[in-house]
Amino acid sequence: MAIKSADVTAVVLCGGQGARLHGQDKPLISVESRRIIDFLLERLEPQVGRILLSCSRNVALYEAIGYSVVVDSEPARGPLAGIVEAMQSITSPWMLTVPGDVPFLPKTLVRRLSRDAEQHGVAVPIVDGQRENLFLLANLARRQELTEFYEQGGIAVKYWLDQIGLQSTDLSDVASCFLNVNTPANLNELKQIIESSA
């Protein structure tokens, strides 16, 4: 049985430094008059009951989008720090984390992860042999475990997933949905996709 959207709070991770894109705030980059985060939110919103934006700069711009914003006070510590900070604002049974630079987020991500998440308390996709560590669907108990891992010195979600020996959910059939805009080449690819579909 699929997890109900109303039971899921999504945390969109927007705290990256955009080092390979000349320091640009990647979710806020505009392509064909729409920001990357606009594409993402359009696909994410129907899948969840609530959305939190985790950011470390341009806070006013993120607040203007219209969702609750959690300021990542330790961006140098990576995405896990932002996740743990955002978790303090989550009361729903389930949390979904997604990077803010993935414009074509799978429209069925929560549904596809639901079976494994229900069975193990946590699920992440694997795409063409690569585990996508930051697309995390986790219940309350697993969130508490992740917080403890961080407080004990854990530095990244991937090491926690390694530690618990999680079996990933294969979503290779929608690999193109996991395009993340990290480099100028990725940005050009995104522009070409949007232009060709216009």
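Further up the page is the structure itself.
Report on the accompanying structure. Along every chain, residues carry numbers that run from 1 in the direction the sequence is written. Restriction of local features to residues with pLDDT of at least 70 applies here, the model being predicted, together with a cutoff of 80 or more for giving and counting side-chain atom pairs; totals for whole chains, interfaces and linings are based on all residues. The side-chain values count all of the structure's non-hydrogen atoms but skip hydrogen atoms and water molecules.

### Things to note about the pattern of salt bridges
Salt bridges are counted wherever a side-chain nitrogen of Lys or Arg sits within 4 Å of a carboxyl oxygen of Asp or Glu. According to the stated counting rule, one finds eight salt bridges in the structure shown. Note that glutamate 74 is salt-bridged to arginine 77, the shortest N-O span being 3.7 Å. Working definition: with a 1.4 Å probe on protein chains only, accessible area under 20% of the residue-type maximum means buried, over 50% means exposed, and in between means partly exposed. Residue glutamate 74 is classed as partly exposed on the basis of its relative accessible area, which comes to 36%.

### Here's the deal with the environment of valine 11
Helix numbering and strand numbering both begin at the N terminus, where a helix is a DSSP run of H or I of at least 4 residues and a strand a DSSP run of E of at least 2. Counting through the fold element by element, valine 11 comes out in strand β1 (residues 8-14). We classify valine 11 as buried; its relative accessible area is 0%. Placed 150 residues apart in sequence, valine 11 and leucine 161 show a C-alpha to C-alpha distance of 18 Å. Should any heavy atoms of two residues lie within 4.5 Å, those residues are counted as being in contact. Setting aside residues no more than four positions away along its own chain, valine 11 makes contact with Leu52, Ser54, Ala86, Ile90, Met95, Leu96, Thr97 and Val98.

### Some details on the sheet that holds strand β6 (residues 94-99)
Whether two strands pair depends on DSSP finding at least two bridges between them. Read across the open sheet, the six strands follow the order β5-β4-β1-β6-β10-β7; overall the sheet is mixed. Of all strands in the sheet, those bounded by a partner on one side alone are β5 (68-71) and β7 (122-123).

### Regarding the nonpolar core
What makes a nonpolar core is a set of buried Ala, Val, Leu, Ile, Met, Phe, Trp, Tyr and Cys residues whose side-chain atoms join them at distances within 4.5 Å. Ranked by internal contacts, the top residues of the largest apolar core, which has 33 residues, are Val12, Leu41, Leu44, Leu96, Val98 and Leu109. Of all the elements in the fold, those that place two or more residues in this core are β1, α1 (36-44), β4 (50-55), β6 and α4 (109-120). Apart from residues lying up to four places away in sequence, leucine 109 is in contact with Gln47, Leu96, Val98, Pro125, Phe135, Leu171 and Phe178. Membership of the second largest hydrophobic core comes to 23 residues, among which are Val70, Ala81, Val84 and Val122.

### Here we look at the sheet that holds strand β9 (residues 130-131)
Reading across the sheet, the three strands line up as β9-β8-β11 and stay open at both edges, with mixed pairing between neighbours. Edge positions in the sheet fall to β9 and β11 (169-170), since each has one partner strand and no second.

### Some words on helix α5 (residues 140-151)
Expected helix span is given by 1.5 Å per residue-to-residue step, counting one fewer step than there are residues. The terminal C-alpha atoms of α5 lie 17 Å apart, and with 12 residues this matches the ideal 16 Å at 1.5 Å per residue to within 8%. Arg142, Arg143, Leu146, Thr147, Phe149 and Tyr150 are the residues of α5 that are buried. When α5 is viewed along its axis, its buried side chains cluster within an angular range of 160° and face the same direction. Next to the buried residues of α5 lie α3 (79-87), β6, α4, β7, β10 (136-139) and α6 (157-164). Two to three positions downstream of the cap, the backbone nitrogen of alanine 141 sits 3.3 Å from a side-chain oxygen, assigning the N-cap of α5 to asparagine 139. Where α5 ends, the next residue or the one after it, glycine 153, has phi of about 105°, a positive value. This arc is taken over the directions from the axis of the helix to the C-beta atoms. Throughout this description, a polar contact denotes any pair of N or O atoms lying within 3.5 Å of each other; where both atoms belong to protein, one of them has to be capable of donating a hydrogen while the other can accept it, and for residues adjacent in sequence the pair is counted only when both atoms sit in side chains.

### Here we look at the state of the cysteines
Two cysteines form a disulfide when their sulfur atoms are joined by a covalent bond. In plain terms, two cysteine sulfur atoms within 2.5 Å form what is called a disulfide here. Taken as a whole, this structure holds zero disulfides when the rule is applied. With no disulfide of its own, cysteine 177 has cysteine 14 as its nearest cysteine by sulfur position, at a separation of 19 Å.

### Notes on the packing of aromatic side chains
Aromatic ring pairs are described here by two measures, namely the spacing of the ring centres and the angle between the planes. Stacked, edge-to-face and tilted are the three classes for Phe, Tyr and Trp ring pairs, Trp counted by its six-membered ring, which pair at centre distances within 6.5 Å; planes under 30 degrees apart are stacked, over 60 edge-to-face, the rest tilted. Scanning the model with the defined rule gives two aromatic pairs in all. Between phenylalanine 39 and phenylalanine 104, the ring centres sit 6.4 Å apart and the planes meet at 75°, which makes this aromatic pair edge-to-face. One end of the pair, phenylalanine 39, is in helix α1; the other, phenylalanine 104, is in the loop between β6 and α4, and 65 residues separate them in sequence. Here the two residues phenylalanine 39 and phenylalanine 104 agree in accessibility, since each one is buried. Judged by centre distance (5.0 Å) and plane angle (75°), the ring pair of phenylalanine 135 and phenylalanine 178 falls under edge-to-face. Taken together, the residues phenylalanine 135 in the loop between β9 and β10 and phenylalanine 178 in the loop between β11 and α7 (184-197) connect sequence positions 43 residues apart. Neither residue differs from the other here; phenylalanine 135 and phenylalanine 178 are each classed as buried.

### Observations regarding the side chain of glutamine 47
Take glutamine 47: it is sitting in the loop between α1 and β4. With residues near it in sequence (within four places) discarded, glutamine 47 still touches Ser5, Leu105, Pro106, Lys107, Thr108, Leu109 and Val110.

So, to be careful, I would describe these as geometric facts and stop short of saying anything about function.
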